[in-house]
Amino acid sequence: MRVVYCAPGSRPDPWLAGLRAALPGADVYDWSPGAAPADHAVVWAPPQAFADEQSSLRAVWNLGAGVDALLRLRWRDGLPLVRLEDAGMASQMVEYVLHALLRHYRGFDAYERDGREGRWLQRRPPRRSEWPVGVLGLGVLGAAVARAVAGLGFPVHGWSRTPRTLDGVKTHAGDAALGDFLAATRVLVVLLPLTDATRNLLDRGRLAQLQRGGVVINLARGALVVESDLIALLDEDHLAGATLDVFRDEPLPADHPLRRHARIAITPHIAAQTLREDSLAQIAGKILAFERGEPVTGIIDRARGY
Ligand code: NAP
Ligand code: GLV
């Protein structure tokens with residue numbers, strides 16, 4: 001079995017070594033134009049030339065949960081494209097959301113500012129009942145986050161395309177339910193895939209439906225949010241803050257307005273990183289199952305976009 005690796009910008013050696021260890025006997029190599037045709041490809045954001053050249057692939061294994069970059073390429077009809085499912089990302093997402101949520105809820109930014117500026121000011125303690133959290137996307141990552149936040153005693157709402165049931169979470173499904181979901185939400189956690197249906201979903205009209213003093217935590221993809229509308233609603237005091245891990249332009253330019261805004265905290269797309277060991281173990285296990293003719297989970301529905 002031949003396995004080709006293609007993740008431009010990464011250092012291939014540890015990945016190739018990991019793949020060889022996980023798939024003993026496989027011929028594993030890094031892609032460059034003209035490389036031999038492989039049976040399986042392990043990729044992150046490969047170029048179109050890769051998809052064009054590698055015409056004998058039986059499946060493509062994405063080194064991430066999001067497949068928007070993969071779906072921008074033209075692939076052979078019917079070629080299975082498979083995403084990572086959790087592989088150590090859900091617990092990272094939970095940590096990130098709990099940190100961001102508690103920072104906004106407890107007003108730690110304001111207390112840190114007070115400390116630096118010489119003030120000693122005790123504000124009214126917040127009540128969790130006044131800080132309902134809404135999780136957009138109840139998939140592998142969103143469901144883990146919704147459960148963890150509900151476990152802390154916050155009211156939690158969740159929104160998905162098809163109906164979902166989660167203990168401790170009031171769930172909403174479909175476009176017709178989005179308005180009620182937003183109106184019930186003060187802290188919005190975005191964990192949707194970027195698809196034709198979700199691009200620019202969070203524009204001025206939708207963000208304005210969040211409760212006053214609302215907070216946006218976007219951990220999915222930058223293009224889900226209209227960034228200028230988010231800034232306008234922060235400047236108008238309808239929203240109180242935002243924590244953003246993902247952006248339309250990555251890396252975020254040094255002079256971008258999102259970097260300079262006093263109420264926006266940013267991180268460089270690290271909310272849940274691909275963990276090499278966990279990811280290669282998952283992918284190798286699925287490749288072997290696939291080769292035995294067994295069903296594998298995580299195959300992308302190309303028409304749906306995720
Ligand atoms: P997933 O398991 O595929 O879950 C996607 C969720 O979104 C599902 O609940 C799905 O609804 C819902 N959804 C999709 N389209 C929708 C629509 N049009 N309307 C309403 N709900 C919709 O994905 P995941 O593994 O949780 O990952 C989510 C995203 O996180 C990824 O796509 C990626 O962009 C992002 N991510 C970011 C980082 C980071 O470090 N920042 C790391 C990993 C992933 P159904 O349940 O009905 O299918
Ligand atoms: C990271 O953003 C991923 O999609 O895994």
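Note that this is a predicted model, so its numbers are computed, not measured. (Residues numbered from 1 in each chain as written. Chains lettered and ligands numbered in written order. Predicted model: local features only at pLDDT ≥ 70, side-chain atom pairs only at ≥ 80, totals over all residues. Heavy atoms only, no water.)

Novice: How would you sum up the sheet that holds strand E7 (residues 156–160)? Please name residues and give values.
Specialist: Taking strand neighbours across the sheet as the criterion, the 7 strands line up as E8-E7-E6-E9-E10-E11-E12 in an open arrangement whose pairing is parallel. One side of each edge strand has no neighbouring strand; the edge strands of this open sheet are strand E8 (170–173) and strand E12 (264–266). When strand polarity is set aside, the average angle formed by the axes of neighbouring strands in this sheet is 15°. In the sheet, strand E11 (residues 239–244) pairs with E12 via 3 bridges, with the strands oriented parallel. When the bridges of E12 are listed, Leu 244 appears paired with Ile 266. Helix-sheet contacts for helix H9 (residues 227–235) involve strand E10 (214–218), E11 and E12, and the interaxial angle to E11 is about 145°. (Pairing = 2+ DSSP bridges. Helix = DSSP H or I, 4+ residues; strand = E, 2+ residues; numbered from the N terminus. Axes fitted to C-alpha atoms, helices over the stretch in contact; angles between N-to-C directions. Contact = heavy atoms within 4.5 Å.)

Novice: Please give an account of the domain arrangement of the protein chain that cites residues and values.
Specialist: As far as domains go, the protein chain holds domain 1 (2–87 + 274–291) and domain 2 (89–266). On a C-alpha basis, the centroid separation for the pair domain 1 and domain 2 is 32 Å. Between domain 1 and domain 2, the contact holds 11 residues from the first and 6 residues from the second. Between domain 1 and domain 2 the total buried area reaches about 740 Å² when both faces are included, carbon and sulfur atoms providing 54% of it. The interface formed by domain 1 and domain 2 contains 1 salt bridge. Between Asp 68 and Arg 221 there is a salt bridge; the shortest N-O distance is 3.0 Å. Remark: the boundary between domain 1 and domain 2 carries 3 residue pairs in polar contact (both at pLDDT 80 or more). (Domains from an automatic or database assignment. Buried area = accessible area lost by both parts, 1.4 Å probe. Salt bridge = Lys/Arg side-chain N within 4 Å of Asp/Glu carboxyl O. Polar contact = N/O pair within 3.5 Å; in protein donor to acceptor, adjacent residues only side chain to side chain.)

Novice: Explain the packing of aromatic side chains residue by residue, including any values.
Specialist: In total, this model carries 6 aromatic pairs according to the counting rule given. Between Trp 31 and Phe 50, the aromatic rings sit 5.4 Å apart at their centres with planes inclined by 80°, giving edge-to-face as the arrangement. You can see Trp 31 sitting in the loop between strand E2 (27–30) and strand E3 (40–43) and its partner Phe 50 sitting in helix H2 (residues 48–53), a full 19 residues away along the chain. For Trp 31, a relative accessible area of 13% gives the class buried. (Phe/Tyr/Trp six-rings, centres within 6.5 Å; stacked < 30°, edge-to-face > 60°. Buried < 20%, exposed > 50% of the residue type's maximum accessible area, 1.4 Å probe, protein only.)

Novice: Give me the packing of helix H4 (residues 89–106) against helix H5 (residues 108–117): which residues, what numbers.
Specialist: A pair of packed helices can be characterised by two numbers: the angle between their axes and the separation between those axes. Contact geometry for H4 and H5: axes closest at 5 Å, N-to-C directions at 60°. Judged by residue contacts, Leu 102, Arg 103 and Arg 106 of H4 engage Phe 108, Asp 109 and Tyr 111 from H5. Taken together, the residues of the contact of H4 with H5 break down into 3 nonpolar, no polar and 3 charged. (Nonpolar A, V, L, I, M, F, W, Y, C, P; charged D, E, K, R; others polar.)

Novice: Describe in detail the site of ligand 2, supporting the description with residues and values.
Specialist: Looking at ligand 2, the residues that line it are Trp 44, Gly 64, Ala 65, Gly 66, Met 89, Arg 221 and His 269. A distance of 2.7 Å separates an oxygen atom of ligand 2 from a polar backbone atom of Gly 66. Within the contact set of ligand 2, an oxygen atom lies 2.6 Å away from a side-chain nitrogen or oxygen of His 269. Coverage of ligand 2 by the protein amounts to 87% of the 190 Å² it exposes when considered alone. When the residues that make up the shell around ligand 2 are grouped by side-chain class, the tally is 3 nonpolar, 3 polar and 1 charged. (Near = heavy atom within 4 Å. Areas by Shrake-Rupley, 256 points an atom, 1.4 Å probe, with all protein chains shown as cover.)

Novice: Can you lay out the site of ligand 1 for me, pointing to particular residues and giving the numbers?
Specialist: Neighbouring residues of ligand 1: 30 residues in total, closest Arg 83, Thr 162, Arg 164, Leu 219 and Tyr 306. A distance of 2.5 Å separates an oxygen atom of ligand 1 from a polar atom in the side chain of Thr 162. Contact distances for ligand 1 include 2.5 Å between an oxygen atom and a side-chain N or O atom of Tyr 306. Surface burial for ligand 1 is 94%, taken as the share of its 940 Å² of free accessible area covered by protein chains. Listing elements by their share of the shell around ligand 1, those giving two or more residues are H4, helix H6 (140–151) and E7. At 3 residues, the largest contribution of residues to the shell around ligand 1 is made by H6. Summarising the domain contributions, the shell around ligand 1 has at least three residues from each of domain 1 (2–87 + 274–291) and domain 2 (89–266).

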